Amino acid sequence: MEPAQIRQLMEDQLKHSRRLQARIQELEDERHAPLAVAGMSLRLPGGLDTPDAYWDFLRAEGTADSEIPEDRPGLRAAYDPVPGKPGRSYVDRAGFLSDIAHFDAEFFGISQREAKLLDPQQRMLLETAWEAMERAGIAVRRSDRLDVGVYLGMMASEYGERLADRSDLTRIDPYFTTGGGLCFGAGRISHVMGFRGPVLSVDTACSSSLSALHLAVRALRAGECRYALVCGSNLLLSAGLMVSLCQTRAVSPDGRSKSFLASADGYGRGEGVGALVLMRLDDAENEGRPVLATIRGSAVNHDGAASGLTAPNGPAQQEVFRAALADARVGPGELGYVEAHGTGTALGDPIEVGALDEVVGAAVRERGVPLPIGSVKARLGHLEAASGIAAVIKTVLMLQHGEIPAALPDDGAELNPHIPWDRLALTVPRRARPWPLPRKVAGVNSFGMSGTNAHVVLEAYEPAGRPAPAATGRPELLTLSARDPVALAELVGAVSGYLKKTDEAQLPSLCHTLRTGRATFAHRIAVTGTTAGELADGLADGLADGLADGLATAQNRAPAGARGESALRTVVLRFSGDGTRLAEGFAELADAFPAAAIGPDAQERGPGGALARLVGRFGIRVRPERDTGAAEPARLEWDSPDGTSSVPLVGHDPGTAPGLLLAALAELFRAGADLRFGELGAAGTPLLGDLPTYPFQRKRFWIDEPLVGAGGGQEDAAVAGRRQGAPAPVDREAVRAFLMAELTDALHASEEPDADGSFLDAGGDSLLSVLFITKVEENYRLGLTAEELPLDLPLGELFGRLADDIVDQARTADQARTAGADGPERGV
């Protein structure tokens, strides 16, 4: 070969080698891609139901334990203060949630019958998942089928035990299975909200929720979903598990975990529910999502051949620490805090601290700054399957605030003497302190009684120095909606209060978040204003007017997040022959809302066509019509129950078009149009994560624990009182009324469903349809098939078809009997 050829070959090979190296690096970076925590929600002991309340609790003093609530008679009956008694628990305190019986079933499209049989964990998981998505600025519309994976850590479902009386099985119906199975906790979230990503329920005992988080991290990095909901849940309803734990002396007699203290004598139990929204960090930044913290890495392993199945294994804990740090590409000396498992047991705490020191001790001693450790279990109790999610949320809050709260009271209580604190580079802070290192990195431990260990590494988010969107000086559009007027009034009050303390510079982000990051419901209010005060006043005026001018009249009774049938789909754009002013108006709108104006050149479409296309970008069909006699250069018109509604779009005065468009969109929103406002905000407008979330309108759904040995078999008094005899199949209207009464009974509803809504809108599903049809067939003969009775029909039409069929079947049967009776006589 010629030298030139050799040189060219070498250059080509070098380029190829560099491309391969770049691709290898790209793949390696994807394997270790950081994740964003975009939203959080929680229900924790002590009445904690928001991240802010949790942070205030962490910075204060005291514990969240309380006596066994009145509605847990089984736990109360099992209590005996003397340890060791067979069949008894010596614990009468734990970290109990303040209310687990109330739930907004109607919001989630669940019948009262099913809601009563649902494990309260499933109910609270629905609420916390919804709130977490709202705090991430992600509108949950069922029809969108968002690419969300659901990863749930849950180890017990004890609510259904109160139905499992072998001497009486009459209270068990199809919802006994779906209401209590662990798999249904995660599946129900995805079903109700219409997600299409992976759905997994994880039970690794106390490490369940952190193990679920690890699976979510892997799924996001692998591209299996765009968003991941990571949830953890735990409730204390069964006397059986409490008695079992007391028989092993695992639980502290006073019901409190004394993490790292000499007085440690077992763990204190607790209950709680939490949810996180995770996504890849680059996706979160591109979408302008809130980034509360980043997850750098995670790892899961098992104790293997330890001294016992439930005994902790120090070498296995070391391995999971190292694996998580390697996955995070973080050195041991970079850790500024570790949220330990810290159950407060004589065996567990020394092993955990020793394993941690073995991995990070040398690096921490070399840097000269001790590593603080703590455990929220000392304050909340051990939330078992939900403990990992509570620990992660705590750590995210610490990273956000750059502060490490006190892990133990500053009362001089002796630390665990089995831990050689004087030789360790670890410390347990008794007072709040700032983050010890410039880079804010933390680890979280979670170990399961089954032997599964998990560790996750998080880091504070330091956003790139991108400039904030410049203030426009133009009015903003604020929209709110709810499923009923009471909820809307509460939401208006909460947002009005938030506006009063809002920095004016945040107003575009606030309005952008509420417009695009919330699902839209039937009862609506929309206002425009230039300042936070003007918007707050507009909201107040809308309610003061009796919600008459501020609320939509469109009916949307679909389950939460469902889009339903819009009351308004098409508008007419009437534009005059004033081409100059139309072109000026379009230019004003294109300058104010450039994302909505992107598309074919306006000159090619003409001013009327360009305006129609711009308005159509907000999700509504626009039909342009020239009207040379129009009073304004351009108006929008649509049909409404009261006649024709009309609003100006482009006026005669220059500079007014942006404000007129916002006012027109507000009118369309109130009229029930299904609008999409994504292109209304300026480029780079971030979403806010701390805005008020939906105010659920909860009702009590609860099954009381049966008395020991008591048989059931009695119908609910309210249901039994409504039962009527089936009317003869000759009166169509009487049959229709009977069908409505039977459905009301089947739903366990307090009032009849709306005849204009469907079976599904009323909270029915495939299981309930079987129960309903079975009851109907006990009284009447049916000829229609299931395919001929679709569940999305309005109930009035559905019952009309059924009644017609019942009457026809009865008439046919009568005719057949008459023919059979007459036949022999004619033949004699």
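Since we're looking at a predicted model, the values are computed, not measured.

Peer 1: An account of the overall build of the protein is needed here, citing residue identities and associated values.
Peer 2: Along its length, the protein carries 25 helices and 23 strands. Look at the contacts in the protein between residues 6 or more apart in sequence, and 79% of them connect residues 24 or more apart.

Peer 1: An account of a nonpolar patch on the surface is needed here, citing residue identities and associated values.
Peer 2: Taken together, the side chains of M1, I6, L9 and M10 make up a nonpolar region of the molecular surface, amounting to roughly 440 Å² of accessible area. Counting through the fold element by element, M1 comes out in the segment before α1 (3-31).

Peer 1: Can you explain the pattern of salt bridges? Please cite residues and give values.
Peer 2: For the structure shown, the criterion picks out 44 salt bridges. A salt bridge links R93 to D65, with the nearest nitrogen and oxygen atoms 2.8 Å apart. With R93 in strand β3 (residues 93-94) and D65 in the loop between α2 (51-59) and β2 (66-67), this residue pair connects regions lying 28 residues apart in the sequence. For D65, a relative accessible area of 12% gives the class buried.

Peer 1: I'd like a description of empty space enclosed by the protein, backed by residues and values.
Peer 2: In total, this model carries 7 cavities of 30 Å³ or more according to the counting rule given. In this structure, the largest cavity occupies an estimated 160 Å³ of space. As for the largest cavity, its lining consists of 16 residues, of which L480, S481, L514, R518 and A519 are closest to the centre. Contributions of two or more residues to the lining of the largest cavity are made by β17 (476-482) and α16 (507-516). Ranked by the residues each element gives to the lining of the largest cavity, the list is headed by β17, at 3 residues.

Peer 1: Just give me the short version of the sheet that holds strand β16 (residues 452-459), but keep the residues and values in it.
Peer 2: Hydrogen bonds between backbone groups are what pair the strands of a sheet, and the pairing can be parallel or antiparallel. Read across the open sheet, the 11 strands follow the order β6-β5-β7-β8-β1-β9-β16-β15-β10-β11-β13; overall the sheet is mixed. A single partner strand is all that each edge strand has here, and the edge strands are β6 (199-202) and β13 (426-427). In the sheet, strand β7 (residues 227-234) pairs with strand β8 (residues 272-280) via 8 bridges, with the strands oriented antiparallel. Bridge pairing links C231 to A275 in β8.

Peer 1: Before we move on, could you go through the packing of α2 against helix α14 (residues 387-401) and cite the residues and values that matter?
Peer 2: Where α2 contacts α14, the axes come no closer than 10 Å and their chain directions differ by 80 degrees. Here α2 is positioned roughly perpendicular relative to α14, judged by the angle of their axes. Residues P51, Y54, W55 and L58 of α2 touch α14, and the partners they reach there are A390, I393, K394, L397, M398 and H401. In terms of residue class, the contact of α2 with α14 is built from 8 nonpolar, 1 polar and 1 charged.

Peer 1: Quick one: what's the story with helix α18 (residues 579-592), residue by residue and with numbers?
Peer 2: Compared with the 20 Å implied by 1.5 Å per residue over 14 residues, the 20 Å span of α18 between its first and last C-alpha is a close match. When α18 is considered as a whole, its buried residues turn out to be R581, L582, G585, F586, E588, L589 and A592. Along the axis of α18, the buried positions cluster into a sector of 155 degrees, meaning they face one direction only. Turned more than 90 degrees from where α18 packs its buried face, T580 and D591 sit exposed.

Peer 1: Tell me about the sheet that holds strand β19 (residues 570-575), and please be specific about residues and values.
Peer 2: Read across the open sheet, the 4 strands follow the order β20-β19-β21-β22; overall the sheet is mixed. Both edges of this open sheet fall to β20 (621-626) and β22 (643-650), since each of them pairs with a single strand only. Taken over all neighbouring pairs, the strand axes of this sheet differ in orientation by 25 degrees on average, direction set aside. Here β19 pairs with strand β21 (residues 634-640) via 4 bridges, running antiparallel. Residue pairing in the sheet places V572 in a bridge with E637 of β21. Lying on the sheet, helix α21 (residues 657-670) is in contact with β19, β21 and β22; it crosses β22 at an angle near 155 degrees.

Peer 1: Summarise a negative patch on the surface; cite the residues concerned and give the values.
Peer 2: Together, D503, E504, E534, D537, D541 and D545 line one region of the surface with negative charge. Following the sequence through the fold, D541 ends up in helix α17 (residues 532-544).

Peer 1: For the packing of helix α5 (residues 120-135) against helix α7 (residues 182-193), give the residues involved together with the corresponding values.
Peer 2: What describes two packed helices is the angle between their axes and the distance between those same axes. Packing of α5 against α7 brings their axes to within 10 Å, and their N-to-C directions diverge by 50 degrees. Judged on the interaxial angle alone, α7 and α5 are oblique. α7 is crossed by α5, and the crossing has right-handed handedness. Residue-level inspection shows Q122, L125, L126, A129 and W130 of α5 in contact with α7, the latter providing F184, G185, R188, I189, V192 and M193. The residue makeup of the contact of α5 with α7, split by class, is 8 nonpolar, 2 polar and 1 charged.

Peer 1: With reference to specific residues and values, describe unusual backbone geometry.
Peer 2: A positive phi angle, close to 60 degrees, is found at A205, a residue other than glycine. Position of A205 among the secondary structure elements: in the loop between β6 and α8 (208-221). For A205, a relative accessible area of 13% gives the class buried. The phi dihedral of F260 is positive, around 70 degrees, even though this residue is not glycine.

Peer 1: Give a detailed account of the environment of A340, specifying residues and quantitative values.
Peer 2: Within the secondary structure layout, A340 lies in the loop between β10 (337-339) and α12 (348-367). Sequence separation between A340 and S375 is 35 residues, and the spatial gap between their C-alpha atoms is 5.2 Å. Ignoring any residue separated from it by four or fewer positions in sequence, one finds A340 in contact with F260, E352, G374, S375, K377 and N445.

Peer 1: Quick rundown of the packing of aromatic side chains? Include the residues and the values.
Peer 2: Enumeration over the complete set of coordinates arrives at 16 aromatic pairs. Relative to F696, the ring of F107 has its centre 5.2 Å away and its plane inclined at 80 degrees; by these criteria the two rings are edge-to-face. Taken together, the residues span a long stretch of sequence, with F107 in the loop between β4 (102-103) and α4 (112-117) and F696 in the loop between α21 and β23 (699-700) at a distance of 589 residues. Chaining the aromatic ring pairs together yields one cluster made of F103, F107, F108, W130, F521, Y694 and F696. Cation over ring: R379 sits above F57, and NZ or CZ is 4.3 Å from the ring centre.

Peer 1: An account of the nonpolar core is needed here, citing residue identities and associated values.
Peer 2: Judged by nonpolar contacts, the single largest core of 75 residues is most densely connected at L229 and L478. Setting aside residues no more than four positions away along its own chain, L478 makes contact with V495, L499, L510, C511, L514, I525, A526, V527, L535 and L539. Formed by 50 residues, the second largest nonpolar core is a distinct cluster that contains W55, A293, A390 and M398.

Peer 1: Describe in detail α16, supporting the description with residues and values.
Peer 2: With 9 of its 10 residues buried, α16 lies for the most part within the structure. For α16, every residue scored as buried is listed here: L507, S509, L510, C511, H512, T513, L514, R515 and T516. The elements touched by buried residues of α16 are β17, α15 (485-500) and α17.

Peer 1: Explain the side chain of Q318 to me, using residue names and the numbers behind them.
Peer 2: As for its position among the elements, Q318 is in helix α11 (residues 314-328). Since its relative accessible area comes to 18%, Q318 is described here as buried. In contact with Q318, other than residues within four places in its own chain, are A355, E358 and V359.

Peer 1: Can you break down the pairing of β22 residue by residue, with the values?
Peer 2: Note: β21 against β22, 7 bridges, orientation antiparallel. By the bridge assignment for β22, D639 is matched with T644.

Peer 1: Talk me through the confidence of the model for the protein; I want residue IDs and the actual numbers.
Peer 2: In the predicted model, the protein carries a mean pLDDT of 87, and 88% of its residues have values of at least 70. Segment residues 708-723 is flagged for pLDDT under 50; beyond a separation of four residues in sequence, or across chains, it makes 19 contacts in the model. Contacts from residues 824-828, a stretch scored under 50 in pLDDT, to residues over four places away or in other chains number 1 contact.

Peer 1: Break down the environment of V277 for me, citing the residues and quoting the values.
Peer 2: Among the secondary structure elements, V277 is positioned in strand β8. Since its relative accessible area comes to 0%, V277 is described here as buried. It is 9.5 Å that separates the C-alpha atoms of V277 and V150, two residues lying 127 residues apart in sequence.

Rules and cut-offs
Residues numbered from 1 in each chain as written. Predicted model: local features only at pLDDT ≥ 70, side-chain atom pairs only at ≥ 80, totals over all residues. Heavy atoms only, no water. Helix = DSSP H or I, 4+ residues; strand = E, 2+ residues; numbered from the N terminus. Contact = heavy atoms within 4.5 Å. Patch = residues over 30% accessible without salt bridge, like charges linked within 9 Å, V, L, I, M, F, W, Y side chains within 5 Å. Areas by Shrake-Rupley, 256 points an atom, 1.4 Å probe, with all protein chains shown as cover. Salt bridge = Lys/Arg side-chain N within 4 Å of Asp/Glu carboxyl O. Buried < 20%, exposed > 50% of the residue type's maximum accessible area, 1.4 Å probe, protein only. 1 Å grid on protein atoms, 1.4 Å probe; cavity = no way out; pocket = protein on both sides within 12 Å on 5 of 7 lines; lining within 4 Å. Points joined across faces, edges and corners; volume = space filled by probe spheres on them. Pairing = 2+ DSSP bridges. Axes fitted to C-alpha atoms, helices over the stretch in contact; angles between N-to-C directions. Parallel < 35°, antiparallel > 145°, perpendicular 65-115°, else oblique. Nonpolar A, V, L, I, M, F, W, Y, C, P; charged D, E, K, R; others polar. Expected span 1.5 Å × (residues − 1). Arc of directions from axis to C-beta. Lys, Arg positive; Asp, Glu negative; His and termini not counted. Charge placed at Lys NZ, Arg CZ, Asp CG, Glu CD. Left-handed = near helix turned anticlockwise from the far one by under 90°. Phe/Tyr/Trp six-rings, centres within 6.5 Å; stacked < 30°, edge-to-face > 60°. Lys NZ or Arg CZ within 6 Å of the ring centre and 35° of its normal. Core = buried A, V, L, I, M, F, W, Y, C linked by side-chain atoms within 4.5 Å. pLDDT = per-residue confidence, 0-100.

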